[in-house]
Amino acid sequence: MPSKRALEAQDNAVFTTSNGAPVAEPYAAQRIGLNGPLLLQDFNLIDSLAHFARERIPERVVHAKGAGAHGYFEATHDISDLTCAKFLEKGKKTPLTVRFSTVGGELGSADSARDPRGFAIKIKTEEGNVDWVFNNTPIFFIRDPTKFPHFIHTQKRDPETHLKDPDMFWDYFSLNPESIHQVMILFSDRGTPFGFHHMHGYSGHTYKFVNAEGKFHYVQIHFRKEGGFKTLDDATAGKLAGENPDYGIQALREDIDKGEFPVWNVFVQTMSAEQAEKFRYNVLDLTKVWPHKDYPLRPFGKMVLDRNPENYFAEVEQAAFSPSHTVPGVEPSADPVLQSRLFSYPDTHRHRLGVNYQQLPVNKPLAPVANFQRDGPMAFDNQGTRPNYQSSLVPLTYKAKPYEQVKHESWLGAANTDLSFITELDFEQPRALWQKVFDNTQKEHFVSNVAGHFGGVKSPVVKARQLSVFAAVDQELSDRIAKAIGHPTVKPLAVAPADKATRFQYNERPLN
Ligand code: HEM
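Everything numeric here is computed off the predicted structure, so don't read it as measured data.

Participant: Where do I start with the overall build of the chain in this structure?
Facilitator: Counting its regular elements, the chain contains 14 helices and 10 strands. By the compact-globule yardstick of 24 Å for 512 residues, the chain fits well, its C-alpha radius of gyration being 26 Å. Viewed in the frame of its principal axes, the chain has a C-alpha envelope of about 80 × 65 × 45 Å. The burial tally for the chain puts 34% of its 512 residues in the buried class. Here the contacts in the chain between residues at least 6 apart in sequence split such that 73% fall between residues at least 24 apart.

Okay, structure coming up:
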């Protein structure tokens, strides 16, 4: 049934070919005589068949399934001591587009799958677009970005059988124990959020806010859903996957249509560089959270989603988010995973949408764009008569950054590859989740959620190895999972002591 909006938009349009010529009989393929072959002159037929064959663009290699909506960001509090970004000046309202997603499944997979959720926001500020490409969990599975393709492959299909494979899945996790914190969240009920718009969003990575004097703070950004987050239990998530795999897209659309606009309050945690050096964990380690009691949440904004897309493909599928799309006052930190994402997203957009992806209406900045990029497929805003080089006759002017690019951090040393070195520090926060945060019901759900999936592992080596990772979190936790899958108990994985972890120094001193 067409929506009310579609019925109202009815404009009695006349059917035409793609060159705008009216066609009297849209369904009538031209053939010779009563039974003869077709005519090449029948542009209507060829135009529609040829376009149809090219309808699909590559689906996103991760986060293929998603739902989107439009709305606005409102800066509710003064944070000019932290950042000079204009859209964060108190009182400003800036339009935005959001896309929520699951990660591992294909374009047609179920919205209720056990998976982290993507939480990508494109804010169209007066200084250019800021994309906050966040997840619904404050941490991630890796801290060495070279692991990302390996990790994702193990969550997808086996190349031989084209089936998802619990052995691959747990083989990866058991070999890469820095994943355990995110595994603890993934297999709690937070791994199956209720729909797309009842969850929080987190930068996960440390970013930098820079103020007008050029002074920076490390920050973590939190979007907290008004009314709290809601989750599904495993059985309900499985049932929904069969009965209505698109229920997340549907619920978001219906709530917005009813005027029940989802709202998030937005907060920042801050750390000075000096504090970061004293922080127990490495501030660039994406597998750790910053404790709220030491680094309290400071409010600064609100996000409201109040408009559904009129055309899913144009406004959601073609949306191209990247952490490298940012504006003065909001900068990436040196987190290696974030640094590699700065490259990876525009790279995939050029593949998925083409080199001129920023010119597509959903991505096009509201701020004027002027540069020396020209041509390429679909260059429909090719900057007119503007010279395609820095001409002395018709020059482009340059606007300096609002702050002097002071020496933020200085790095020093030989090439280093020990990002995945595991120490006792990697188990402290997962242990706190199990021992202090999960109540008895959450513990029961966690054990049964893990057992349901992990129980399918065939390799005894993988089973024992992952149980040793769980035992390093907490022996009772591991023993309960072992019991649930009928496995003998296993001793904890041996790991290096906490003081062997790489310390963070924002201003590395020369070594003697
Ligand atoms: C999507 C790469 C880690 C959040 C994607 C896409 C790629 C990618 C290639 C598809 C983009 C597209 O086709 O438009 C990577 C790499 C990572 C990484 C290489 C680590 C090395 C992360 C982390 C987060 C994240 C840590 C969150 C904190 C997202 C989101 C999307 C996405 C939300 C979906 C964006 C959308 O809705 O279009 N990622 N990713 N990713 N990623 Fe990552």
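The structure having been displayed, the exposition proceeds.
Participant: How should the site of the ligand be read in this particular structure?
Facilitator: In the vicinity of the ligand, 28 residues are found, and the nearest of them are R60, H63, R99, G118 and F148. Contributing elements (two or more residues each) for the shell around the ligand: β2 (93–102), β3 (117–125), β4 (128–135) and α10 (336–352).

Participant: Sorry, what's going on with the pairing of β4 here?
Facilitator: Within a regular beta strand, the side chains point alternately toward one face of the sheet and then the other, so they alternate between its two faces. The element β4 is largely enclosed, with a buried count of seven among its eight residues. Of the pairings in the sheet, the one linking β3 to β4 comprises eight bridges and is antiparallel in character. Paired with G118 across the two strands is N135, which belongs to β4.

Participant: Looking at this structure, I do not really get the UniProt feature "active site" (unreviewed entry) in the chain. What am I missing?
Facilitator: Per the UniProt record, "active site" (unreviewed entry) is found at H63 and N135. These annotated residues cover 73 residues of sequence, but their C-alpha atoms sit close together, with the largest distance between any two at 10.6 Å. Mapped onto the elements, H63 comes out in the loop between α2 (43–53) and β1 (66–75). In contact with H63, not counting residues within four places along its chain, are S101, V103 and G118. Inspection of the secondary structure assignment puts N135 in strand β4. In this structure N135 touches P116, R117, G118, F119, Y202 and G204, once residues within four positions along its chain are discounted.

Participant: Hey, could you run me through the packing of helix α3 (residues 148–155) against helix α4 (residues 166–175) in this one?
Facilitator: In a packed pair of helices, the relevant descriptors are the angle between the two axes and the axis-to-axis distance. In the contact formed by α3 and α4, the axes pass within 7 Å of each other and the chain directions differ by 150°. Listed contacts from α4 to H150, F151, T154 and Q155 of α3 are M168, F169, D171 and Y172. A per-class count over the contact of α3 with α4 returns four nonpolar, three polar and one charged.

Participant: When you look at the UniProt feature "binding site: heme" (unreviewed entry) in the chain in this model, what are you seeing that I'm missing?
Facilitator: Feature annotation in UniProt assigns "binding site: heme" (unreviewed entry) to the following positions: Y345. Tracing the sequence through the fold places Y345 in helix α10. Given 19 C-beta atoms within 10 Å, Y345 falls into the partly exposed group. With sequence-adjacent residues up to four places away left out, Y345 is seen in contact with V133, F321, S322, P323 and S324.

Participant: Can you help me understand unusual backbone geometry in this one?
Facilitator: Negative phi values dominate among residues other than glycine, just as trans dominates among peptide bonds. A positive phi angle is found at D375, which is not glycine, with a value near 65°. Inspection of the secondary structure assignment puts D375 in the loop between α10 and α11 (425–437). When the 9 C-beta atoms within 10 Å are taken as the criterion, D375 is described as exposed. In this model, M378 sits at a positive phi of 60°, which is unusual for a non-glycine residue. Note on placement: M378 falls in the loop between α10 and α11.

Participant: I'm lost on the pairing of strand β9 (residues 298–307) in this one. Help?
Facilitator: One ladder, built from six bridges, connects β1 with β9; its direction is antiparallel. Residue E74 lies in a different strand from β9, and its bridge partner there is K302. Here strand β8 (residues 263–271) pairs with β9 via six bridges, running antiparallel. Bridged to W264 within β9 is M303.

Participant: What am I meant to see in the nonpolar core here?
Facilitator: One broad rule of soluble globular proteins: the nonpolar side chains tend to lie buried together. Counting 52 residues, the largest nonpolar core has V98 and A120 as its most contacted members. A per-element tally of this core places strand β7 (residues 216–225) first, with five residues. In this structure A120 touches V98, R99, D131, V133, F134 and F321, once residues within four positions along its chain are discounted. Counting 26 residues, the second-largest nonpolar core is a separate cluster that includes V183, F427, A472 and V473.

Cut-off values and rules
- Residues numbered from 1 in each chain as written.
- Predicted model: local features only at pLDDT ≥ 70, side-chain atom pairs only at ≥ 80, totals over all residues.
- Helix = DSSP H or I, 4+ residues; strand = E, 2+ residues; numbered from the N terminus.
- Rg over C-alpha atoms; globule rule 2.2 N^0.38 Å.
- Buried ≥ 20, exposed ≤ 12 C-beta atoms within 10 Å, placed from the backbone.
- Contact = placed C-beta atoms within 7 Å.
- Near = placed C-beta within 6 Å.
- Pairing = 2+ DSSP bridges.
- UniProt positions renumbered as here; feature names shortened; annotations may be inferred.
- Axes fitted to C-alpha atoms, helices over the stretch in contact; angles between N-to-C directions.
- Nonpolar A, V, L, I, M, F, W, Y, C, P; charged D, E, K, R; others polar.
- Core = buried A, V, L, I, M, F, W, Y, C linked by C-beta atoms within 7 Å.

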